[in-house]
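# Notes for the structure review
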Amino acid sequence: MEIIETASKMQAWRKEVDAVAFVPTMGNLHAGHLALVKRAKATGAQVVVSIFVNPLQFGEDEDLDQYPRTLAQDLAQLGALGVGAVFVPTVEELYPNGLESVQTLVNPPTHLIDDLCGRSRPGHFEGVATVVSKFFNIIQPNYALFGEKDYQQLKVIEQMVEDLNYPIEILSAPIIREESGLARSSRNHYLTPQEKEASTLLYQTLKGVEEKILAGERNYQDLEEEAKAKLAAAGWKVDYLTVRVAENLNVATDEQELILLAAATLGETRLLDNIRITL
Ligand code: AMP
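Note that the coordinates shown come from a computational prediction; the quantities given were computed from them, not determined experimentally.

### Details of the overall build of the protein chain
Tallying secondary structure elements over the protein chain gives 11 helices and 9 strands in all. Burial statistics for the protein chain: of 279 residues in total, 52% are counted as buried. Across the protein chain, contacts joining residues at least 24 apart in sequence account for 71% of those joining residues at least 6 apart. For the protein chain, the exposed area adds up to about 13500 Å²; of that, 47% sits on carbon and sulfur atoms. Computed over 25 positive and 40 negative side-chain charges, the separation of the two mean positions in the protein chain equals 3 Å.

Right under this line is the structure:
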């Protein structure tokens, strides 16, 4: 497994292999990331994983400095999975002109990013789309893999690939959870033991809404309000909890393929979760 720190070395490595399946990550790898790597491996292509905590996608008051960085452990896990190369650029390597200076940014369409996570994290999806676009240009993958855990991100990337004519097939993989139901996330490390126990309420609440929808309830707004109140009563700060059309994230009316999405903060930790619902 090659460990590559510069864009020029990554490009040189790329020239020597046929097909590439690319898995972008911010490291601190867990079972959710490893499932994406296995899915990448199943394409038969050489797998490239990037580990890069991208400052461009963090807001000023967010957890950029705190974000867990565990490179040695990450590399050990990837080595065992038969990954071809790990791209671990420094911030200076990817943003040689600095983050503050004028640079080209990828701006995803506003209807996709002024909503849900983008509403409370202005600039986040521009940062994500810009860094993923840079990785796509450096690595030139045939496939790129994204988790459904970050469903809005998946939609933003699919749209970018379509709009900017990237010859890349986007593959996604379902959410990997802990036994308790909590979606795996590097940010789960921020939870205290008590919060970790309490955190299962998010998934339980979503499951409760799903059950009611599958049982025939169609007043989504009432279901959303009820679920938000339940979380708020347990001390959560709910950012959003909403039933959307799975394909395009529009507000759901009578569609068959839905997605129930939530973001909520427990203590200091913002958690995301979602459930796909097929009527
Ligand atoms: P991150 O390192 O958090 O930026 O995530 C890198 C990739 O792993 C993204 O495509 C995420 O959607 C995906 N991912 C993170 N957590 C999970 C999970 N629990 N299940 C599936 N995919 C995940």
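From this point, things continue past the structure.
### Concerning the sheet that holds strand β6 (residues 169-173)
One open sheet holds the 6 strands; their spatial order is β1-β4-β3-β2-β5-β6, and the pairing between them is parallel. Every other strand in the sheet has two partners, leaving β1 (2-4) and β6 as the edge strands with one partner each. Within the sheet, the average angular offset between the axes of one strand and its neighbour, ignoring direction, is 25°. Of the strand pairs in this sheet, strand β2 (residues 20-25) and strand β5 (residues 143-147) are connected by 2 bridges, and their pairing is parallel.

### Digging into the pattern of salt bridges
Using the criterion set out here, one finds 12 salt bridges in the structure. Glu 62 serves as the salt-bridge partner of Arg 121, at 2.6 Å between the closest nitrogen and oxygen. With Arg 121 in the loop between α6 (116-120) and α7 (124-139) and Glu 62 in the loop between β3 (46-51) and α3 (71-79), the pair connects residues that are 59 residues apart, well separated along the chain. Close ionic contact of Arg 177 with Asp 273 constitutes a salt bridge, the shortest N to O distance being 2.9 Å. Note that Arg 177 is positioned in the loop between β6 and α9 (193-198) and Asp 273 in strand β9 (residues 269-278), a separation of 96 residues in sequence. The exposure class of Asp 273 is buried, given its relative accessible area of 4%. Taken together, the shared-partner salt bridges connect Asp 115, Arg 119 and Arg 244 into one network.

### Comments concerning the nonpolar core
Side chains of nonpolar character tend, in soluble globular proteins, to be buried together. If you look at the biggest cluster of nonpolar residues, it comprises 46 residues, and the most contacted ones within it are Met 10, Phe 136, Ile 139, Ile 157 and Ile 170. Of the residues forming this core, the biggest block, 9 residues, is contributed by α7. Once residues lying within four places of it in the same chain are set aside, the contact partners of Phe 136 are Phe 22, Pro 141, Ala 144, Phe 146, Ile 157, Met 160, Val 161, Tyr 166, Ile 168 and Ile 170. Leu 201, Leu 260, Ala 262 and Ala 264 belong to the second largest nonpolar core, which has 25 residues in total.

### Considerations on the site of the ligand
The local shell around the ligand holds 17 residues, among which His 33, Gly 147, Asp 150, Ile 176 and Arg 184 are the closest. The backbone of Gly 147 places a nitrogen or oxygen atom 2.8 Å from an oxygen atom of the ligand. Between the ligand and Arg 184 there is a distance of 2.8 Å, counted from a nitrogen atom to a backbone nitrogen or oxygen. When the free accessible area of the ligand is taken as 490 Å², the share hidden by the protein chains comes to 92%. Among the secondary structure elements, those contributing two or more residues to the shell around the ligand are β2, α2 (31-41) and β5. Counting residues per element, the shell around the ligand draws most heavily on α2, at 3 residues. Per-class residue counts for the shell around the ligand are 8 nonpolar, 6 polar and 3 charged.

### Regarding the sheet that holds strand β8 (residues 257-266)
Taken in spatial order, the 3 strands make up an open sheet running β7-β8-β9, and their pairing is antiparallel. Where the open sheet ends on each side, the last strands, each with one partner, are β7 (237-245) and β9. Across this sheet, the average inter-strand angle for adjacent strands is 10°, counted without regard to direction. Two elements, β8 and β9, share 10 bridges in a ladder whose sense is antiparallel. Opposite Leu 260, over in β9, you have Ile 275 as the bridge partner. Along the sheet face, helix α10 (residues 200-214) touches β7, β8 and β9 and points at about 20° away from the line of β9.

Scoring rules and cut-offs
- Residues numbered from 1 in each chain as written.
- Predicted model: local features only at pLDDT ≥ 70, side-chain atom pairs only at ≥ 80, totals over all residues.
- Heavy atoms only, no water.
- Helix = DSSP H or I, 4+ residues; strand = E, 2+ residues; numbered from the N terminus.
- Buried < 20%, exposed > 50% of the residue type's maximum accessible area, 1.4 Å probe, protein only.
- Contact = heavy atoms within 4.5 Å.
- Areas by Shrake-Rupley, 256 points an atom, 1.4 Å probe, with all protein chains shown as cover.
- Lys, Arg positive; Asp, Glu negative; His and termini not counted.
- Charge placed at Lys NZ, Arg CZ, Asp CG, Glu CD.
- Pairing = 2+ DSSP bridges.
- Axes fitted to C-alpha atoms, helices over the stretch in contact; angles between N-to-C directions.
- Salt bridge = Lys/Arg side-chain N within 4 Å of Asp/Glu carboxyl O.
- Core = buried A, V, L, I, M, F, W, Y, C linked by side-chain atoms within 4.5 Å.
- Near = heavy atom within 4 Å.
- Polar contact = N/O pair within 3.5 Å; in protein donor to acceptor, adjacent residues only side chain to side chain.
- Nonpolar A, V, L, I, M, F, W, Y, C, P; charged D, E, K, R; others polar.

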